[in-house]
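Chain residues, written in single-letter form:
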Amino acid sequence: MTIALIATGGTIACTAAADGSLIPTVTGQELARSLSADIEVIEFRQLDSSSITLADLDELLGTVHVQLTRTDIDGILITHGTDSMEETAMALSIFDPGTKPVVLTGAQRSFDHPGGDGPRNLHDSLHLIEQGTPGVYIQFGGMTIPARGARKNHTFHLNGFESMPVGESNLFPLPLAPLAPHPVAILAAYPGADATLVDAAIPHFSGLVIEALGSGNMGEGMGEGVARALEAGLPVAISTRVPYGTTSLAYGGSGGGATLADKGAVSAGAFRPGQARILLAAALATGTPVSEVFAAKAAPKQYSR
């Protein structure tokens, strides 16, 4: 079995500088040394994952798809920072042909930490790939988490990811298309929020995700701005800042979810803003109706220990 390890940086590849700050310095080759397998390393990036752009994602998607077409590669392991791992996993799953396992992993502690969690996550990821189940997964803290609905839920716990019950879809995979030409902004609602940020975003973005209050609400001023965005032709998906549950878009008034749904806004369902942003960009990139990429058509996946 031969595995392609694509290194992108992140805490798993970080060491502490003299001032104590963490900097990605460790190569994919160094990470691969702990794995007893035939590993082909691709040194893709050395980034904090908070810096990964849609253009970076497009290049990563292309790299992964090249590896998936190779008959001599049995699976793909991607080492990645935890800050945006759920977004990258979502992008990979949207376009995944479903022929081989693609596993993302990382660490909450640096490479040189005496109690580092990276080695265990790498070995667990290798074991998952060896099982040969096609699909895109996050392997972290002893848990296997499907990409769709994955979310980081803790800043430092070693099992810092969970699986949101977002449901399944028969829509994917979509044909591979570049995301970078379709930037999507995430704007957070708060009590009394006005339209300033929404109005400022309209000329610069192809779509908006609103991190709304409760089940999908925002202040009247912000709601009026979202209505203007919809009138200008920008697709809008409404998510929520609440940790669990779905957006239902049930309330009236200028900032109510039901009012904005009547104007064309789409509920993100149980998707939180990070993955909703990637779904919306993918819909725009492929010409897929926005409502379809958020639709759940079957029972939700569950993560396993």
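Keep in mind that what you see is a predicted model, and the values were worked out from it rather than measured. (Residues numbered from 1 in each chain as written. Predicted model: local features only at pLDDT ≥ 70, side-chain atom pairs only at ≥ 80, totals over all residues. Heavy atoms only, no water.)

(A) Quick look at the UniProt feature "binding site: substrate" (unreviewed entry) in the protein. Under the present numbering, the feature "binding site: substrate" (unreviewed entry) in UniProt falls on Ser-49, Thr-82 and Asp-83. Taken along the chain, the residues just named run across 35 residues; in space they keep tight, none of their C-alpha pairs more than 6.9 Å apart. Position of Ser-49 among the secondary structure elements: in the loop between strand S4 (38-47) and helix H2 (54-68). Ser-49 sits in the buried class, given a relative accessible area of 3%. With residues near it in sequence (within four places) discarded, Ser-49 still touches His-80, Gly-81, Thr-82, Asp-83 and Ser-84. Those residues within four positions of Asp-83 in sequence are excluded, and the remaining contacts are Asp-48, Ser-49, Ser-50 and Lys-152. (UniProt positions renumbered as here; feature names shortened; annotations may be inferred. Helix = DSSP H or I, 4+ residues; strand = E, 2+ residues; numbered from the N terminus. Buried < 20%, exposed > 50% of the residue type's maximum accessible area, 1.4 Å probe, protein only. Contact = heavy atoms within 4.5 Å.)

(B) The arrangement of the domain arrangement of the protein in detail. In terms of domains, the protein is made up of domain 1 (1-161) and domain 2 (182-292). Each of domain 1 and domain 2 has a C-alpha centre, and the two are 30 Å apart. Contacts between domain 1 and domain 2 engage 13 residues on the former and 13 residues on the latter. Surface buried jointly by domain 1 and domain 2 totals about 1,100 Å² across both partners, of which 67% is contributed by carbon and sulfur atoms. Here domain 1 and domain 2 share zero salt bridges between them. The set of elements that each furnish at least two residues to the side of domain 1 that touches domain 2 consists of H2, helix H3 (85-94) and strand S9 (150-152). For the side of domain 1 that touches domain 2, the element with the highest residue contribution is H3, accounting for five residues. Each residue belonging to the side of domain 1 that touches domain 2 can be placed in one class, and the counts come to eight nonpolar, one polar and four charged. (Domains from an automatic or database assignment. Buried area = accessible area lost by both parts, 1.4 Å probe. Salt bridge = Lys/Arg side-chain N within 4 Å of Asp/Glu carboxyl O. Nonpolar A, V, L, I, M, F, W, Y, C, P; charged D, E, K, R; others polar.)

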